[in-house]
Amino acid sequence: MISLLPQVKRLEYKGEAGFSCEGPLLVELSMEQEDLRLERHCRRLLPGAAVTVETGAPGYRIRISRAGGETPCALDTDKEEGAASERKEGYSLRIGVDGAIIRAADAPHLYYGLQTFRQMMEQGNPVPSALIEDWPVTAIRCMNYDLRQTYSKPERLVSYLAEFARFKINAVLIEYEDKFPFETYSHLVHPKHALSRTWFEELKREAEEHYIEIIPLQQCFGHLEYVLRHDRYKHLRETEQSIGELCPSREEAYELVTGLLGEMMDRHPDSRYIHLGCDEVYSLCECETCLERFEGVRERAFIAFLNRLIAFAADRGRIPIFWHDMLAKCPEEELWKLDRRGVAMIWIYNGRNIEAEVSAIADKFRKLGVGVMGAPAVRSFDWAEHQNYPVIGNRTDNLLQWAGTAEKLDFDCVVATNWTGPFSLGVPYGVFETTWYPMLLHADLFWNGSGGVSETFIDRFLHVFHGIEPSTGHAKLGNYRLEDYYDLIPKLLDEVRLNRDFAELIAVMRDYETATDRSRAIHKYVYRWELFPGDAAERRSLLNNYQRNRRDREDVRPRMQAALERYQPADMAAHFVLSRFYLHDYLERTIYREIGMNMED
């Protein structure tokens, strides 16, 4: 049985012989307007095929057949019927014994039809005869690169864009922070890990190649620790203690952030949107100037500064986005002052009543004529500073609730936020490469909406992403649920055929979790040693647990470093490893040394 990610809306098997992709193939590409990307994608998918191109005829079509053969009339001339053909966004795919035809109204959706055909090809030859009609529920299906803490090597960031597109993702929200190659503000650029100009341009080029829109995010109010930590900008803080928040009453603060914002927009000339950030601005109306100017009304201070930012971006032809949270409880008389050209991105990551919460907030903004977008999370705080992989029970629940909510409220953009840390002065939550599972659940849900089949997602993910047939997984492990992925993938390592490196990384992280979970219990043995100092049995008990726990942890350390270096620069990987082992190392230097523990006893 074929597994597809995202699941398609209509799949009808024809019960006849399928199409063999072996031997010389002919690809006939017809485009309403020339798009050289489509030809390149056809050649990449079917190397060696003869590709012909014509332009000018209405619509977009790819016909794949055997070179020298004839495609059956049923494929080539049947009238397109069904929901997909009635939509601008969507495609149809017909496969018969002698060929396949993909049709769409535009180039991106023809490309998505090609990705569905790719998945079918990758699961066996011949490709079964079938009729597929498919279309997205959500117009902008967006992933997130957060470059504030640890992040993947630039070549991987670039390559993952193609992977996103394979699963019909069409946008990426990027928070660069000090990894952006600023020119005017070069003193803010990270000395080691900022993107080079070459990689930055390659990132944009690859996004364009795969029909992915980049939405750049430049923090403009809060979360500016990477700027306001510098002595030359400290005076722009709201207070001395608010190391990440600007004072909206200082004209120099506005000039600084619009300078950053302007360069960000100039370097993304093809981006329709610019994200202004503006979340979690905790220090508002605390300085004397703001108290007097805004009469102590925090929302008034926030909106006054936000409106200036919205106007700055809108006047440059961009659609400005801001996080919703600072205005979630804003009094109506203050909210009416908000510039309607901004778009509120609603982020709610936890809770059992997401539909009710999001509906109330969306209604509040829409009554003003302010647009709204949505943002669940594939990784967020979840009251866990160290997340070697996401807290998946929370994340699946959040995504499932958001899918129904976004569809009901007709959101046209939903972002899978994927945070690397709470803020830039924290420690990293986890590694990007451990989030593919919830990311592709997001891709599945927001292509299909609440009508998607989430109960089959884990089987489809294991099949498409790891090459594990559902029958194989269940024969080995029995039944499992949507949220069981991180428990089961280390047990299925021998069965993994695709993306094995990601599975191995998760397995190493699981080993770390197992070792450190045991370490958290060592205090009870130390406590008993305090109760019974000098007792031989108590010391032996303490020593046994200490030695086992330390041995297991130290076994993981080099394997974690090696696994991470596949994805991150060596020093960044070392930073991540140290963040995990620092407390244990500290205890070694203090408590364990003090009570005379060692591995040789």
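About the criteria used
Residues numbered from 1 in each chain as written. Predicted model: local features only at pLDDT ≥ 70, side-chain atom pairs only at ≥ 80, totals over all residues. Heavy atoms only, no water. Pairing = 2+ DSSP bridges. Helix = DSSP H or I, 4+ residues; strand = E, 2+ residues; numbered from the N terminus. Axes fitted to C-alpha atoms, helices over the stretch in contact; angles between N-to-C directions. Contact = heavy atoms within 4.5 Å. Buried < 20%, exposed > 50% of the residue type's maximum accessible area, 1.4 Å probe, protein only. Patch = residues over 30% accessible without salt bridge, like charges linked within 9 Å, V, L, I, M, F, W, Y side chains within 5 Å. Areas by Shrake-Rupley, 256 points an atom, 1.4 Å probe, with all protein chains shown as cover. Salt bridge = Lys/Arg side-chain N within 4 Å of Asp/Glu carboxyl O. Disulfide = S-S within 2.5 Å. Polar contact = N/O pair within 3.5 Å; in protein donor to acceptor, adjacent residues only side chain to side chain. Core = buried A, V, L, I, M, F, W, Y, C linked by side-chain atoms within 4.5 Å.

Chemist: Go over the sheet that holds strand E5 (residues 91-96) with me, naming the residues and quoting the values.
Modeler: Strands sit in the order E1-E7-E5-E6-E4-E2-E3 across an open sheet of 7 strands; the sheet is mixed. Each end of this open sheet is capped by a strand with a single partner; those strands are strand E1 (10-13) and strand E3 (50-55). The average undirected angle you get between the axes of adjacent strands in this sheet is 10°. In the sheet, E1 pairs with strand E7 (residues 130-134) via 4 bridges, with the strands oriented antiparallel. Within E7, the position partnered with Arg10 by the bridge is Glu133. Taken strand by strand, helix H1 (residues 36-45) contacts strand E2 (25-31), E3 and strand E4 (60-66), and its axis lies near 165° from that of E2.

Chemist: Please give an account of the pairing of E7 that cites residues and values.
Modeler: Taking burial as the measure, the 5 residues of E7 include 5 buried ones, the bulk of the element. Neither face of E7 is open: one carries Ala130, Ile132 and Asp134, the other Leu131 and Glu133, and all of them are buried. Bridge count for E5 against E7 is 5 bridges, and the pairing is antiparallel. Within E7, the residue paired with Ile95 across the bridge is Ala130.

Chemist: Any details on the environment of Arg43? Residues and values, ideally.
Modeler: Position of Arg43 among the secondary structure elements: in helix H1. Among the residues examined, Arg43 registers a relative accessible area of 40% and is labelled partly exposed. Residues Arg43 and Asn499, spaced 456 residues apart in sequence, show a C-alpha to C-alpha distance of 23 Å. Non-local contacts of Arg43, meaning those with residues more than four positions away in its chain, are made with Ala49 and Val51.

Chemist: Quick one: what's the story with a nonpolar patch on the surface, residue by residue and with numbers?
Modeler: On the surface, Leu578, Tyr582, Leu583 and Tyr586 cluster together to form a nonpolar patch covering roughly 420 Å² of accessible area. The residue Tyr582 is located in helix H20 (residues 570-594) in this model. On the basis of relative accessible area, Tyr582 is assigned to the partly exposed category, the value being 46%.

Chemist: With reference to specific residues and values, describe the state of the cysteines.
Modeler: Considering all chains together, one arrives at 0 disulfides under this definition. Cys220 carries a free sulfur, and the closest cysteine sulfur to it, the one in Cys278, is 5.5 Å from it. Classification of Cys278 as buried rests on a relative accessible area of 0%.

Chemist: Run through the side chain of Glu206, naming residues and quoting values.
Modeler: Considering the arrangement of structural elements, one finds Glu206 in helix H5 (residues 197-209). Looking at Glu206, its side chain comes within polar contact range of the side chain of Arg205, at 2.5 Å. Sequence-distant contacts of Glu206, that is, excluding residues within four places in its chain, are made with Val158, Leu161 and Ala162.

Chemist: Any details on the nonpolar core? Residues and values, ideally.
Modeler: Among the nonpolar cores identified, the biggest contains 169 residues, and Phe117, Tyr145 and Phe164 are the most heavily contacted of them. When sequence neighbours within four positions are dropped, the list of residues in contact with Phe117 reads Phe19, Cys21, Leu45, Ile64, Leu93, Ile95, Ala100, Ile102 and Val127. If you look at the next biggest cluster of nonpolar residues, it comprises 20 residues, including Ile215, Trp347, Tyr349 and Ala377.

Chemist: Give me the lowdown on helix H14 (residues 457-466), citing residues and values where you can.
Modeler: Burial analysis of H14 places 10 of its 10 residues in the buried class, the great majority of the element. All of the buried residues in H14 are Phe457, Ile458, Asp459, Arg460, Phe461, Leu462, His463, Val464, Phe465 and His466. Once H14 finishes, Gly467 follows within two positions and takes phi at roughly 75°, a positive value.

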